[in-house]
Amino acid sequence: MVRGAAVRRERGREVGGGLWLARNGPSADGPNRLVAGGAYPLRVTYGQGNQAEPGGQDGTTQAEPGGQDGTTQAEPGGQDGQARPGRTTRWRDRPSIRTLAQEARRVWVDSDRRDNEASRLPDGEEVHLGGLVLVEVFPPSTTSALYRALEDLAATPDEKEKWTTRLGEGRSAAGTYGWQDLGVIRRSDRPGLFDVHIDRELPHGIDEVRPRLYFPTPSLTLTVATFTLTDQAGDLSELLRSDYQGEIHIDILALGRFGSARSHIPWSRPARHDESGTLGTATDQRRLACEARIKAHEAACWTWMASKFPGRLSTWKLADRPAVRLLLTKNAVPFEDSAKWLVPAGMAFGPDVWRPAGLAFGPDIWLPPDPHGWSLQLANWPRDRRFTATAARSLETAEARQQGGADPLRYLPYQFAGSHSPLVARWAMTCLVSVYADKLAQLRDDAGRRRPGSRPVRQGRDLDDYLIRDGLDASTVVSDLGAFTKDLADFRTGVPEYTGYLVPAAAQARNPPRELVPWLRELLRDQVERLARDTAATTSNVRASAELRQAVANTKLQRVMICLTIAATAIAVIGVVVAIISLVVALHALRH
């Protein structure tokens with residue numbers, strides 16, 4: 001937020017008058033241009049008698065980062081590099097509210113052109129959404145739905161019997177960790193090496209789906225489905241080459257008496273005013289366009305998953321469902337090159353970037369890493385993408401060229417499904433436990449909230465629904481996951497290894513990079529232990545609260561019954577007295 005930049009009087013003349021921003025110094029169009037460096041709120045004060053509000057310890061005005069190096073500098077705003085003259089106090093010479101808003105918007109017009117050129121996809125480069133990997137979970141409460149889903153798939157009776165038998169073995173008490181492929185599901189028949197099942201209800205733009213069942217514990221089954229997009233549906237190059245216009249919203253607030261009312265009058269001419277608003281750059285609009293295209297494919301694939309494999313996640317919101325995006329570039333190296341066009345594509349260098357380090361098939365059996373393999377980014381921001389990971393790689397790799405002319409856009413998602421599904425399944429377990437913890441925290445928060453017109457019966461039903469579904473599932477799953485994460489060697493068997501990429505090479509000796517699989521194991525163990533403690537504490541507190549409420553309700557009922565008994569006795573006594581009086585009156589009337 002930019003603050004300060006007020007006009008003040010000094011020795012009878014006006015100085016100051018405004019604050020202009022420039023990225024890495026004055027822009028090419030002159031020192032009085034406001035260069036957009038990112039989406040952030042802007043606030044500037046103009047007028048007389050207002051001192052500039054210090055933004056730093058040395059009294060200088062500061063602004064939020066907006067440039068490539070994270071710095072934003074204050075520059076003079078005059079045409080000749082001098083301070084811009086302040087607003088005069090004469091009413092007829094003051095600009096109106098409408099003029100002030102137009103001037104503020106005009107400053108940002110040229111920034112769109114520069115931003116579009118900097119973040120546009122270069123010629124000869126391509127970006128594709130090769131596929132999507134979605135994970136559905138089946139805890140004990142949804143096991144019957146998984147059996148029905150396998151029976152409803154378009155497969156032969158022998159295949160269905162094999163799948164259901166393998167599912168029963170994996171969920172039995174003596175079952176061990178394993179997986180089961182469910183073949184390939186396509187919209188139309190095409191020759192292939194695997195069992196192909198035809199499904200005309202696949203979403204538009206999806207070439208094929210490869211579902212696979214995982215049985216990490218007897219109480220939990222995961223369905224990892226890899227959706228391969230067609231070349232046309234997954235091509236993001238057109239979006240990254242189009243021009244976009246930034247969104248600018250400017251609010252002019254007149255200062256002084258009745259300032260709020262005068263701010264809504266276009267012809268008002270305030271002596272002092274504030275300019276505030278929000279800025280969305282052209283890069284932000286390009287990123288939002290790519291995000292909207294990808295989210296549309298994700299929503300369509302999740303709809304298909306909910307109809308074919310209705311697990312527990314199908315009833316949760318999309319932000320709580322784990323998904324992995326498979327992005328492919330033609331030449332650039334994702335998460336490593338410093339090109340600005342990688343930012344809207346979601347492949348810019350950032351935190352939680354992991355590089356391939358090999359594949360473990362046992363305690364002493366390793367495959368060497370692929371230097372051109374998949375790079376991973378497990379981001380937890382923004383909130384609606386905390387369970388969305390990104391896997392990216394370049395198409396120009398030796399592995400893609402060795403396939404004898406195979407289409408890399410179709411082969412690489414298939415290769416990811418075969419080698420990285422175990423890693424995705426383990427990452428999805430951490431997402432599942434996180435959602436269970438969130439729901440338990442929401443239950444605790446709602447328990448102490450007193451809402452007007454609340455219905456205890458409905459609250460009791462909601463609590464019973466949680467205890468019989470998510471509560472029971474969480475307690476069972478947590479117990480089994482604790483045993484699953486006990487041995488690191490078993491946890492990482494058959495899982496591709498990754499190491500952190502943020503540690504500089506010179507500092508790796510004293511600060512070695514993290515390993516992804518051990519980090520996931522420790523994270524899952526911590527989540528399981530914390531959720532087990534919270535579940536036990538919440539259950540005991542809920543039980544104690546229920547018993548106390550029952551005792552209080554019984555006491556209230558006893559008091560009400562006593563009051564009703566006293567009232568009934570009083571009414572009976574009054575009735576007897578009235579009857580006696582009536583009888584006496586009647587006898588007296590007969591005597592006379």
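An account of the accompanying structure is given in this report. Bear in mind the structure is a predicted one, so any value in this text is a computation, not a measurement.

### Quick look at the packing of aromatic side chains
Any pair of aromatic rings gets described here by the distance separating the centres and the angle formed by the planes. According to the stated counting rule, one finds seven aromatic pairs in the structure shown. Judged by centre distance (5.7 Å) and plane angle (35°), the rings of Trp354 and Trp519 are tilted. Here Trp354 is found in strand 15 (residues 353-362), whereas its partner Trp519 is found in helix 13 (residues 516-591), with 165 residues between them in sequence. When its relative accessible area of 1% is taken as the criterion, Trp354 is described as buried.

### Quick word on the pattern of salt bridges
Enumeration over the complete set of coordinates arrives at 19 salt bridges. Residue Asp199 is joined to Lys308 by a salt bridge in which the shortest nitrogen-to-oxygen separation is 3.7 Å. One end of the pair, Asp199, is in the loop between strand 9 (196-198) and strand 10 (206-217); the other, Lys308, is in helix 8 (residues 282-308), with 109 residues separating them in the sequence. Classification of Asp199 as buried rests on a relative accessible area of 10%. Look at Lys308 and you get partly exposed, because its relative accessible area is 21%. Here Arg325 ties to Glu298 by a salt bridge, and the two come within 2.7 Å at their closest N and O atoms. Of this pair, Arg325 sits in strand 14 (residues 323-329) while Glu298 is found in helix 8, placing the two residues 27 residues apart along the sequence. Looking at Arg325, the relative accessible area reads 3%, which means it is buried.

### Here we look at the environment of Asp320
Note that Asp320 resides in the loop between helix 8 and strand 14. Discounting chain neighbours no more than four positions away, the residues touching Asp320 are Leu313, Arg386, Phe387 and Val435. Looking at Asp320, its side chain comes within polar contact range of the side chain of Arg386, at 3.3 Å.

### Re unusual backbone geometry
The bulk of non-glycine residues show a negative phi, and the bulk of peptide bonds are trans. Of note in this structure, Phe258 is not a glycine but carries a positive phi near 55°. Turning to its location among the elements, Phe258 is positioned in the loop between strand 12 (247-254) and helix 7 (259-262). Look at Phe335: it is not a glycine, yet its phi comes out positive at around 65°. Position of Phe335 among the secondary structure elements: in the loop between strand 14 and strand 15.

### Points about the pairing of strand 17 (residues 375-378)
On a regular strand, one side chain projects to one face of the sheet and the next to the other, so that they alternate. A two-sided burial pattern is seen for strand 17, the buried positions comprising Ser375 and Gln377 on one face and Leu376 and Leu378 on the other. Where strand 17 meets strand 18 (residues 388-394), four bridges bridge the pair, whose relative direction is antiparallel. Across the sheet, Leu376 pairs through a bridge with Ala391, a residue of strand 18.

### A look at the side chain of Glu497
Turning to its location among the elements, Glu497 is positioned in strand 19 (residues 496-500). Only 2.9 Å separates the side chain of Glu497 from the side chain of Arg492, close enough to count as a polar contact.

### Regarding the packing of helix 3 (residues 143-152) against helix 4 (residues 157-171)
Interhelical geometry of helix 3 versus helix 4 gives an angle of 160° and a closest axis separation of 9 Å. The angle between the axes of helix 3 and helix 4 places the two elements in the roughly antiparallel class. The two elements helix 3 and helix 4 meet at a crossing, and its hand is right-handed. The segment helix 3 lies against helix 4, with Thr143, Leu146, Tyr147, Leu150 and Glu151 engaging Lys160, Trp163, Thr164, Leu167, Gly168 and Arg171. For the contact of helix 3 with helix 4, the per-class residue count stands at five nonpolar, three polar and three charged.

### Re a nonpolar patch on the surface
Together, Leu557, Val560, Met561 and Leu564 make up a nonpolar patch on the protein surface, roughly 370 Å² of accessible area in all. Residue position: Met561 is located in helix 13.

Rules of the game
- Residues numbered from 1 in each chain as written.
- Predicted model: local features only at pLDDT ≥ 70, side-chain atom pairs only at ≥ 80, totals over all residues.
- Heavy atoms only, no water.
- Phe/Tyr/Trp six-rings, centres within 6.5 Å; stacked < 30°, edge-to-face > 60°.
- Helix = DSSP H or I, 4+ residues; strand = E, 2+ residues; numbered from the N terminus.
- Buried < 20%, exposed > 50% of the residue type's maximum accessible area, 1.4 Å probe, protein only.
- Salt bridge = Lys/Arg side-chain N within 4 Å of Asp/Glu carboxyl O.
- Contact = heavy atoms within 4.5 Å.
- Polar contact = N/O pair within 3.5 Å; in protein donor to acceptor, adjacent residues only side chain to side chain.
- Pairing = 2+ DSSP bridges.
- Axes fitted to C-alpha atoms, helices over the stretch in contact; angles between N-to-C directions.
- Parallel < 35°, antiparallel > 145°, perpendicular 65-115°, else oblique.
- Left-handed = near helix turned anticlockwise from the far one by under 90°.
- Nonpolar A, V, L, I, M, F, W, Y, C, P; charged D, E, K, R; others polar.
- Patch = residues over 30% accessible without salt bridge, like charges linked within 9 Å, V, L, I, M, F, W, Y side chains within 5 Å.
- Areas by Shrake-Rupley, 256 points an atom, 1.4 Å probe, with all protein chains shown as cover.

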